[in-house]
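# Structure at a glance
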There are 2 protein chains.
Amino acid sequence: MNLDKQSLLAFARNERAQYEATLKEFVEIPTVSSEPERAGDIRKMAECAAGLLRSMGGEADILDTVEGGNPLIHGRFDIDPAAPTVTVYNHLDVQPASRETEPWKSDPFVFTKAGDRYLGRGTTDDKGPALAALWGIKAARAAGVRANLRVLWELEEEIGSPNFEAGIRKHTGLLKTDHVIVSDTIWVSRQRPACPAGLRGLQGFELVLETGQTDQHSGTAGGAARNPLAELMKLVSEMHDATTGRVKIKGFYDDVVPPTKQELQEFKDSGFSIKSFKKDHLFKSLRSDDPVDVMKRLWAMPTFEVHGVTGGYSGPGIKTVIPPRASVKISCRLVANQDPKKILRLVKQFVKEHNPDVKIEHEAAMYPFQAPTTGALPDAVRAAMKFAFGRDPVFVREGGSIGAVVSAEKVLRCPVLFLGLSLPEHGYHAPNENFDWQQASGGMVAFAKYFEIVSGIRPRSS
Amino acid sequence: MNLDKQSLLAFARNERAQYEATLKEFVEIPTVSSEPERAGDIRKMAECAAGLLRSMGGEADILDTVEGGNPLIHGRFDIDPAAPTVTVYNHLDVQPASRETEPWKSDPFVFTKAGDRYLGRGTTDDKGPALAALWGIKAARAAGVRANLRVLWELEEEIGSPNFEAGIRKHTGLLKTDHVIVSDTIWVSRQRPACPAGLRGLQGFELVLETGQTDQHSGTAGGAARNPLAELMKLVSEMHDATTGRVKIKGFYDDVVPPTKQELQEFKDSGFSIKSFKKDHLFKSLRSDDPVDVMKRLWAMPTFEVHGVTGGYSGPGIKTVIPPRASVKISCRLVANQDPKKILRLVKQFVKEHNPDVKIEHEAAMYPFQAPTTGALPDAVRAAMKFAFGRDPVFVREGGSIGAVVSAEKVLRCPVLFLGLSLPEHGYHAPNENFDWQQASGGMVAFAKYFEIVSGIRPRSS
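Residues numbered from 1 in each chain as written. Chains lettered and ligands numbered in written order. Predicted model: local features only at pLDDT ≥ 70, side-chain atom pairs only at ≥ 80, totals over all residues.

### Quick word on the interface of chain A and chain B
Taken residue by residue, the interface counts 76 residues in chain A and 76 residues in chain B. Here the side of chain A that touches chain B takes seven residues from helix α7 (residues 228–239) of chain A, the largest share from any one element. For the side of chain A that touches chain B, a count of residues per class yields 27 nonpolar, 34 polar and 15 charged. (Contact = placed C-beta atoms within 7 Å. Helix = DSSP H or I, 4+ residues; strand = E, 2+ residues; numbered from the N terminus. Nonpolar A, V, L, I, M, F, W, Y, C, P; charged D, E, K, R; others polar.)

### Some details on the environment of Asp290(B)
Within the secondary structure, Asp290(B) sits in the loop between α9 (274–281) and α10 (291–300). Residues Asp290(B) and Thr243(B) lie 47 residues apart in sequence; the distance between their C-alpha atoms is 16 Å.

### Some remarks on the domain arrangement of chain A
All names here are of chain A. Entries for chain A in the domain assignment read domain 1 (5–199 + 368–455) and domain 2 (202–256 + 301–365). Using only C-alpha atoms to locate each centre, domain 1 and domain 2 end up separated by 35 Å. At the junction of the two partners, domain 1 supplies six residues and domain 2 supplies seven residues. Tallied by class, the residues present in the side of domain 1 that touches domain 2 amount to one nonpolar, five polar and no charged. (Domains from an automatic or database assignment.)

### Regarding the pairing of strand β16 (residues 394–398) of chain B
Residue and element names in this part refer to chain B. Most of β16 sits out of view: five of its five residues are buried. In the sheet, strand β8 (residues 194–199) pairs with β16 via four bridges, with the strands oriented parallel. Bridged to Cys-195 within β16 is Phe-395. (Buried ≥ 20, exposed ≤ 12 C-beta atoms within 10 Å, placed from the backbone. Pairing = 2+ DSSP bridges.)

### Digging into the packing of helix α12 (residues 376–389) of chain B against helix α14 (residues 437–455) of chain B
Residues and elements named next belong to chain B. Orientation of α12 relative to α14, taken along the N-to-C sense of each, is 140°, at an axis distance of 8 Å. The orientation of α12 relative to α14 falls into the category oblique. In this structure, the crossing between α12 and α14 has a hand that is right-handed. Across from Leu-377, Ala-380, Val-381, Ala-383, Ala-384, Met-385, Phe-387, Ala-388 and Phe-389 in α12, the residues of α14 making contact are Gly-442, Val-445, Ala-446, Lys-449, Tyr-450, Ile-453 and Val-454. Across the contact of α12 with α14, the residue classes break down as 14 nonpolar, one polar and one charged. (Axes fitted to C-alpha atoms, helices over the stretch in contact; angles between N-to-C directions. Parallel < 35°, antiparallel > 145°, perpendicular 65-115°, else oblique. Left-handed = near helix turned anticlockwise from the far one by under 90°.)

### A few points about the relation of the copies chain A and chain B
Placing chain A over chain B gives an RMSD of 0.1 Å and needs a rotation angle of 180°, together with 0.1 Å of translation along the axis. Within this description, the copies of the chain are treated as partners about a two-fold rotation axis. Minimal C-alpha separation from the rotation axis in chain A is found for Met233(A), amounting to 2.5 Å. Of the residues that chain A buries at the interface, 100% are likewise interface residues in chain B, meaning the two copies contact each other through the same surface. (Least-squares fit on C-alpha atoms with pLDDT ≥ 70 in both.)

### Some details on helix α1 (residues 5–27) of chain A
All names here are of chain A. With 23 residues, α1 should cover 33 Å at 1.5 Å per step; its first-to-last C-alpha distance of 29 Å lies more than 12% under that length. Of the residues making up α1, those classed as buried are Leu-8, Phe-11, Ala-12, Tyr-19, Thr-22, Leu-23, Phe-26 and Val-27. Close packing links the buried residues of α1 with α2 (39–55), β5 (117–119), α3 (123–142) and α14 (437–455). (Expected span 1.5 Å × (residues − 1).)

### Points about the environment of Val358(A)
All names here are of chain A. By the element assignment, Val-358 lies in the loop between α11 (340–354) and β14 (359–366). Since 20 C-beta atoms lie within 10 Å of it, Val-358 is described here as buried. Apart from residues lying up to four places away in sequence, Val-358 is in contact with Leu-207, Val-208, Leu-209, Leu-235 and Val-351.

### Quick notes on the sheet that holds β5(A)
Residue and element names in this part refer to chain A. Read across the open sheet, the three strands follow the order β4-β5-β18; overall the sheet is antiparallel. The sheet is open, and its two edges are formed by β4 (112–114) and β18 (434–436), each paired on a single side. Neighbouring strand axes in the sheet, compared pairwise and without regard to direction, differ in orientation by 25° on average. Bridge analysis of β5 against β18 gives three bridges, and the strand direction is antiparallel. Across the sheet, residue Arg-117 finds its bridge partner in β18, namely Asp-436.

### Observations regarding the pairing of strand β13 (residues 325–334) of chain B
All names here are of chain B. With nine of ten residues buried, β13 is to be regarded as a mostly interior element. In this structure, strand β9 (residues 201–210) lies alongside β13, joined through ten bridges in antiparallel fashion. The residue bridging Gly-204 from the neighbouring strand is Ser-331, located in β13. The pairing of strand β11 (residues 305–310) with β13 spans five bridges and is classified as antiparallel.

### A few points about the nonpolar core
Leu419(A), Phe451(A), Leu419(B) and Phe451(B) are the most contacted members of the largest nonpolar core, which has 288 residues in total. Setting aside residues no more than four positions away along its own chain, Phe451(B) makes contact with Val86(B), Gly136(B), Ile137(B), Ala140(B), Val145(B), Ala147(B) and Leu149(B). (Core = buried A, V, L, I, M, F, W, Y, C linked by C-beta atoms within 7 Å.)

### Quick look at the sheet that holds strand β15 (residues 369–370) of chain A
With respect to topology, three strands assemble into an open sheet ordered β15-β8-β16 (chain A), the strand pairing being mixed. What marks the edges here is a single partner per strand, and that holds for β15 and β16 (394–398) of chain A.

### Thoughts on the environment of Gly198(B)
Residue and element names in this part refer to chain B. Within the secondary structure, Gly-198 sits in strand β8. Using a count of 23 C-beta atoms within 10 Å as the deciding quantity, one classes Gly-198 as buried. Once the C-alpha coordinates of Gly-198 and Trp-299 are considered, the two residues, 101 residues apart in sequence, prove to be 8.0 Å apart. Apart from the residues within four sequence positions on either side, Gly-198 is in contact with Ala-336, Pro-368, Phe-369, Gln-370, Ala-371, Arg-397 and Glu-398.

### Focus on the confidence of the model for chain A
Scored by pLDDT, chain A comes out at a mean of 95, with 99% of its residues at no less than 70. If you check the scores for this complex, the pTM reads 0.81 and the ipTM reads 0.81. (pLDDT = per-residue confidence, 0-100.)

### Let's talk about α2(A)
All names here are of chain A. Along its 17 residues, α2 runs 24 Å from first to last C-alpha, staying within 8% of the 24 Å computed at 1.5 Å per residue. By the burial criterion, the buried members of α2 are Asp-41, Ile-42, Met-45, Ala-46, Ala-49, Ala-50 and Leu-53. Elements that come into contact with the buried residues of α2 comprise β1 (59–63), β2 (72–77) and β6 (148–154). One or two positions beyond α2, positive phi appears at Gly-57, with a value near 95°.

Okay, structure coming up:
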């Protein structure tokens, strides 16, 4: 086959049934990496994925990371050691999902097709894009593209990739590649392809306060008893202003690099609209109604977010208990050049000064990332996206964090690019997560084209 | 039999097995009034209690309150319309209890006996005291006490007695009594009997904030999205200082009547100790270490208490969601002369000014109460307690709230007294709630003596 648009679209149409059957198979393995009881499903996913890669003519290995960590899947469609090597990164683990506590219209772990739309946990984050890229490899191989095309699939991305870096360090020889292209990001709007030029990092932590050992009655002890829930609420309110989002911890913003004029221009060109953002995310109101301010808040500014609370009574009505223990789950998204380690140090210092009885648990960190936006590889991404989707992509930033990206750049010592396929309305991490055939087939075309272009770029000297 | 101490103690010993078997039967009916699915158990309890009263030679009625409300149980051991009529109030509903979420050492709804100690939900609050008072009636009848002895048992006390007042209004003729004696309060320490001279009232409410419709990813929306959990934490922290407990709502303290010098003296004589209080309630630390300050905080000052939170992720680790909706369950204990209606109005005004998107739900109110401490009836309580337990009781205050008390005084137009049997270490509303034979048998003796004394007090003219 040829790599013209017509042939590639015909290829996608022919492959559609098989793509959908495979996506169904993947979605129906509930690979929730945050739930220890899913370990069997994680293993099943690894074996199923390796089997798929082999059935398509590739070599595949399930690579161990660390004791107790989930493995990586490495698939290789190599043709010539002298040809460039490209590795596509995706992850096959997913966020938790429950019909009991979330408004899913269908079972999250049953693949449901509604016209061109695919519903289920993992359809857009990140199993659908992973398979679209794989079918791009299939097309490129059918067209005789002279590159070694590989995939690296992770199974711990949704818990912050705790073992990814150690895992790829163990297998650097096997994983050697000229560059990595990540397909796990979201466009700003369906109208215009978008590539992240930066990812936010993350520092997660849980504030825990224990003031007693058992529930107490607010009548018999209230007034004298300390209330751990209320004290944590006070501490959290001292740490940030929930109305504006402004963090009040001294030094928190010191290392933030503000976006350049050109970056702000690309933000403005991205197709971002407050109205669509609110509609896609089902928000009633936002902290700001100014689009540039909102984009800066999403992509270029750090955050302080309360994710949940434990302690006390959360059933129907009111139970007048004073709980002995409470915790608040928090994370801060970080931007270049913030250092999670420094942020955690500032948080700990603040807590020590304001409520020394509060302990800090469940620390989780990811560094922020800045991607190249000029040069042969970013140009290849631009060309491939324009070829597949009809418009030049904008290089914006991504509000989320992909810890693996930072690790891949550091350990594999190669550029990391992005070619994302998800849309805001796909509901990343939300109930009724979905993906669609337009983005899947467009992704196949874009990846095939990308592989063709980069097959002509001389590998860096090693 | 005679009503001397020896005979009464012998009576108690003889009756012990039957008392314990009955308490077991009562405890093992899980009468959790806040859980709608327990309606069958509530009904079963009413029938079981009426059956018991009849088996002991009384008349018993299950009195309806309002449509959908739980019934009252009214038991009458009447002997002579001309004799004084005394009604003992207790409640037979209980707080929720769960081994899955609370550190119960035994099943809360299985009566467990360990020596002289009885374990299970409701043993001390309030099934154990209810039956001790009933056995006091049995002793008084055996001794020929000339009074009409009655019980009034409620099944909605733990949810704030929402239908008690309407219920007793319906049956005022049948419920006519010279006074009511309530046995649902806690001594300050085992060493010294205590009677409350006042109860705190309550104004409960839930603050609810909805800013979206589904969970959002803090990477893709964080910074621009409002965070309902964090906004409620800010609001709660604006409403009160969690460290000191001081309420910052304007006008909140305006109507508080401070304790008199004599009251403060009785507080000091009560046997209260910071060390025992911390030990009994398993507190690591308190808001104050000054005993008089702590007693004032418990009995004479209003509170602002956070009981629980809904919204977001409360499972293991951290899930980086922004929830669409959150709520905080709060109640304020109130003291004489605070009016719950006024407090709720102040809260609503404060919320409107500080975060007008926040809604207020689940309002629940109880008025504070002041009991007589001088006159024939309080003197009868003093004498009965000294007779049974060897020491004069102190008249302190009770930090808790019993809505039914205020209603009984208002509707039945008679004095309401207290003869409580529970101890701090019994764990009111807490896991491993317990009662003990010392207090149960002492209660039988005290009630029998009390009935004897008041049988000689001429009924008020009607």
